[in-house]
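# Inside the fold
The chain contents come next:
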Amino acid sequence: MKSLRTPDARFENLPDYDFAPSFCEVGDGLRLHYVDAGPREGRTIILMHGEPSWSYLYRFMIRQLTAAGFRVLAPDLIGFGKSDKPTELSDYSYTGHVAWMQQWLDNMDVSDAVLFCQDWGGLIGLRLVANNPDRFAAVMAGNTGLPIGKGTPSEAFLKWQKFSQVVPVFPTGNILQGATVRTLSDAEVAAYDAPYPDESYKAGARIFPALVPTDPSMAGVTENIEAWKVLKAWDKPFLTGFSDQDPVTKGGEQVFQKFVPGAKDQPHQILKGGGHFLQEDVHAELSEMLIGLCVRLD
């Protein structure tokens, strides 16, 4: 598998992102990057990003959560951020991403962790929870889901999916801005473009929308059905914090609240003023929800 590694110089002087890099090896020699910040004795919070962002999305939350005394792990999925980027679309699969992140999780050897997941961070992260329930004490989901190929995807998602596969130049930074309520600075937009010096680095970012299981015959459906069996018996806390201005995942919180036992009587919120990338818009509110969840665990 041929892969590319973004030059370190691309990540110099990014606004509000000066965290020391950590790395581990997954798959066949792929280097996966993650942020490991905060006190080691604090409860571990894992922040999982989606498409086409990277751990830069969590820069504000990392600071808020570590200031509250928690250890934060924020990985970059393979193909994103500072992680290595296989060059072929066929190198990426739903199953492969879960396997890579399982290897990372095994390397971290965490226990009683709390997961926050958004977008593909949920499609992958919730599979990790289902496969490793003893490693997790609680889950918080925002603007995400665990699809099994049933129902009709939103019009917004179908348009996004088509766009991602045909646009000649995949405009990562502008995609983030288009799905965020607040106006990002030019430097912030550039930070989302930083992992990709040219189109050859973007195979992972481009293929992700096509991998979402929107049909029962697609890869990942069988495994997600099995994962739902675990979630439907999950009685540890499960909190939802979706935003009010995301046409792609609107209403997705209801599925978790209905079927996950641990979601009962939790202080779920619909956060006002948040787009799809609610970590950019309502990071303070998300952090407070996560801190509250962790405090209740203790």
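Above this text you will find the structure in question.
Just so it is clear, the model here is predicted, and its values are computed rather than measured.

Conventions adopted
Residues numbered from 1 in each chain as written. Predicted model: local features only at pLDDT ≥ 70, side-chain atom pairs only at ≥ 80, totals over all residues. Heavy atoms only, no water. Buried < 20%, exposed > 50% of the residue type's maximum accessible area, 1.4 Å probe, protein only. Helix = DSSP H or I, 4+ residues; strand = E, 2+ residues; numbered from the N terminus. Pairing = 2+ DSSP bridges. Expected span 1.5 Å × (residues − 1). Right-handed = clockwise from strand over helix to strand, strands pointing away. Axes fitted to C-alpha atoms, helices over the stretch in contact; angles between N-to-C directions. Left-handed = near helix turned anticlockwise from the far one by under 90°. Contact = heavy atoms within 4.5 Å. Nonpolar A, V, L, I, M, F, W, Y, C, P; charged D, E, K, R; others polar.

### Observations concerning the pairing of strand E2 (residues 21–26)
Along any regular strand, the residues point their side chains to alternate faces of the sheet. Side chains Ser-22, Cys-24 and Val-26 of E2 all project onto a buried face; the interleaved residues Pro-21, Phe-23 and Glu-25 project onto a face where none is buried. The sheet contact formed by E2 and strand E3 (residues 30–37) spans six bridges and is antiparallel. Note that in E3 the partner of Pro-21 across the bridge is Val-35. Between E2 and E3, which pair antiparallel in sequence order, lie three residues; one of them, Gly-27, sits at a positive phi of approximately 60 degrees.

### Re helix H2 (residues 94–108)
Compared with the 21 Å implied by 1.5 Å per residue over 15 residues, the 21 Å span of H2 between its first and last C-alpha is a close match. Within H2, burial applies to Tyr-94, Gly-96, His-97, Val-98, Trp-100, Met-101, Gln-102, Trp-104, Leu-105 and Met-108. At the exit of H2 stands Asp-109, carrying a positive phi of roughly 50 degrees.

### A few points about the environment of Gly-220
Of note, Gly-220 is situated in the loop between helix H7 (203–211) and helix H8 (221–231). On a C-alpha basis, the gap between Gly-220 and Gly-149 in space is 9.1 Å, while along the polypeptide they are 71 residues apart.

### Observations regarding the pairing of strand E4 (residues 44–48)
Within E4, five of the five residues are buried, which leaves it mostly tucked inside the rest of the structure. Of the two faces of E4, the one carrying Thr-44, Ile-46 and Met-48 and the one carrying Ile-45 and Leu-47 are both buried. Sheet topology note: the E4/strand E5 (residues 71–75) ladder contains three bridges and is parallel. The residue bridging Ile-45 from the neighbouring strand is Val-72, located in E5. Tracing the backbone out of E4, into helix H1 (residues 59–67) and back to the parallel element E5 gives a crossover that is right-handed. Two strands pair when backbone bridges link them, and E4 and strand E7 (residues 113–118) are joined in this way by four bridges, in the parallel orientation.

### Some words on the packing of H1 against helix H11 (residues 283–297)
Where H1 contacts H11, the two axes come as close as 9 Å, and the packing angle between them is 40 degrees. Crossing of H1 against H11: the hand is right-handed. Here Phe-60, Met-61, Gln-64 and Leu-65 of H1 lie close against H11, whose contacting residues are His-283, Ala-284, Leu-286, Ser-287, Leu-290 and Ile-291. When grouped by side-chain class, the residues that make up the contact of H1 with H11 number seven nonpolar, three polar and no charged.

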